[in-house]
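A look at the structure
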Amino acid sequence: VQLVESGGGLVQTGGSLRLSCAASGSILSINGMGWYRQAPGKQRELVAAITRSGGSTNYADSVKGRFTISRDNAKNTMYLQMNSLKPEDTAVYYCNAEITTMTLRYLEVWGQGTLVTVSS
């Protein structure tokens, strides 16, 4: 089971990016999912999280109103739409998921990370 992020890159202040996180492998179900980020010299922090149904989300105060988390359960994929980006959003973004495998193992899985750089 693995998570693969994509969509990071370099963008100017005020620009937008859309990150994707695709899960693959022997998956029975994916429960909660979330996006985290880690800026240089700082601890990893939760950016946004979403429940299995997608009916409930929560965001870090620093991104509320600018970022939107969503998921497509048919594609085992989660997204993060990032608008009005600021230089302080520069970080490596990681996706995280709680996965139940076909053999009924419960795993917490992390992606490898994708770099987002916002230039001023």
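This section reports on the structure supplied with the text.

Rules of the game
In this numbering scheme, every chain counts its residues from 1 along its sequence in written order. Residues qualify for local features only when their pLDDT is at least 70, as the model is predicted, and side-chain atom pairs are given and counted only at 80 or more; totals for whole chains, interfaces and linings, by contrast, use all residues. Side-chain calculation: all heavy atoms of the structure are included, whereas hydrogens and water are not. Burial status follows relative accessibility: with a 1.4 Å probe on protein chains alone, a residue under 20% of its type maximum counts as buried, one over 50% as exposed, and anything between as partly exposed. A run of H or I in DSSP becomes a helix once it reaches four residues, and a run of E becomes a strand once it reaches two; helices and strands are each numbered from the N terminus. One bridge is not enough; two strands pair if DSSP finds at least two bridges between them. A fitted line through C-alpha atoms serves as each axis, taken over the contacting stretch for helices, and the angle formed by two N-to-C directions is quoted from 0 to 180°. Polar contacts here mean pairs of N or O atoms no more than 3.5 Å apart (in protein, one a potential hydrogen donor and the other a potential acceptor; neighbouring residues in sequence count only if both atoms are side-chain atoms). Note on definitions: a residue-residue contact is assigned when non-hydrogen atoms from the two residues lie within 4.5 Å. In this analysis, rings of Phe, Tyr and Trp, with Trp reduced to its six-membered ring, are considered paired at centre separations within 6.5 Å, and the interplanar angle assigns stacked below 30 degrees, edge-to-face beyond 60, and tilted for intermediate values. Remark: a charge is flagged as sitting over a ring if the NZ atom of Lys or the CZ atom of Arg is within 6 Å of the ring centre and within 35 degrees of the ring normal. Side-chain atoms within 4.5 Å link the members of a nonpolar core, which is a set of buried Ala, Val, Leu, Ile, Met, Phe, Trp, Tyr and Cys residues.

Points about the pairing of strand β8 (residues 77–82)
Looking along a regular strand, one sees the side chains alternate between the two faces of the sheet. Burial within β8 is extensive, with five of its six residues counted as buried. Where strand β3 (residues 17–24) lies against β8, six bridges are found, and the strand directions are antiparallel. Note that in β8 the partner of Cys21 across the bridge is Met78. As paired strands, strand β7 (residues 67–72) and β8 are joined by six bridges and run antiparallel to one another. Opposite Ser70, over in β8, you have Tyr79 as the bridge partner.

Side note on the sheet that holds β7
The four strands lie next to each other as β1-β3-β8-β7, forming an open sheet whose pairing is antiparallel. Either end of the sheet is taken by a strand with one partner, and the two such strands are β1 (2–6) and β7. This sheet shows a mean twist of 15° between the axes of neighbouring strands, independent of strand direction.

Observations regarding the side chain of Thr101
Following the sequence through the fold, Thr101 ends up in strand β9 (residues 91–101). Residue class for Thr101 comes out buried when judged on its relative accessible area of 5%. There is a polar contact of 3.0 Å between the side chain of Thr101 and the side chain of Thr103. Every residue in contact with Thr101, bar those within four places of it in the chain, is listed here: Val1, Ser26, Ile27, Leu28 and Leu107.

So, the packing of aromatic side chains
The geometry of an aromatic ring pair comes down to the distance between the two centres and the angle between the two planes. Scanning all chains against the criterion turns up one aromatic pair. One cation-aromatic arrangement involves Arg44 over Tyr94; the distance from NZ or CZ to the ring centre is 3.8 Å. The positively charged end of Arg44 is found above the aromatic ring belonging to Trp110, 4.7 Å away from the centroid.

Here we look at unusual backbone geometry
At Ser84, a residue that is not glycine, the phi angle is positive and equals roughly 50°. Within the element layout of this structure, Ser84 appears in the loop between β8 and β9. The class for Ser84 is partly exposed, based on a relative accessible area of 40%. In this structure, Leu104 is a non-glycine residue whose phi angle is positive, near 65°. For Leu104, the position within the fold is in the loop between β9 and β10 (106–110).

Quick look at the nonpolar core
Residues Trp35, Leu80, Met82 and Tyr93 are the most contacted members of the largest nonpolar core, which totals 30 residues. Elements with a minimum of two residues in this core: β3, β4 (27–38), β5 (45–50), β7, β8, β9 and β11 (114–119). When residues of this core are assigned to their parent elements, the largest contribution, five residues, is made by β9. Residues in contact with Leu80, not counting those within four places in the same chain, are Leu17, Arg18, Leu19, Trp35, Val47, Ala48, Phe67, Thr68, Ile69 and Tyr93.

Purely geometric stuff here, so don't read any function into it on its own.
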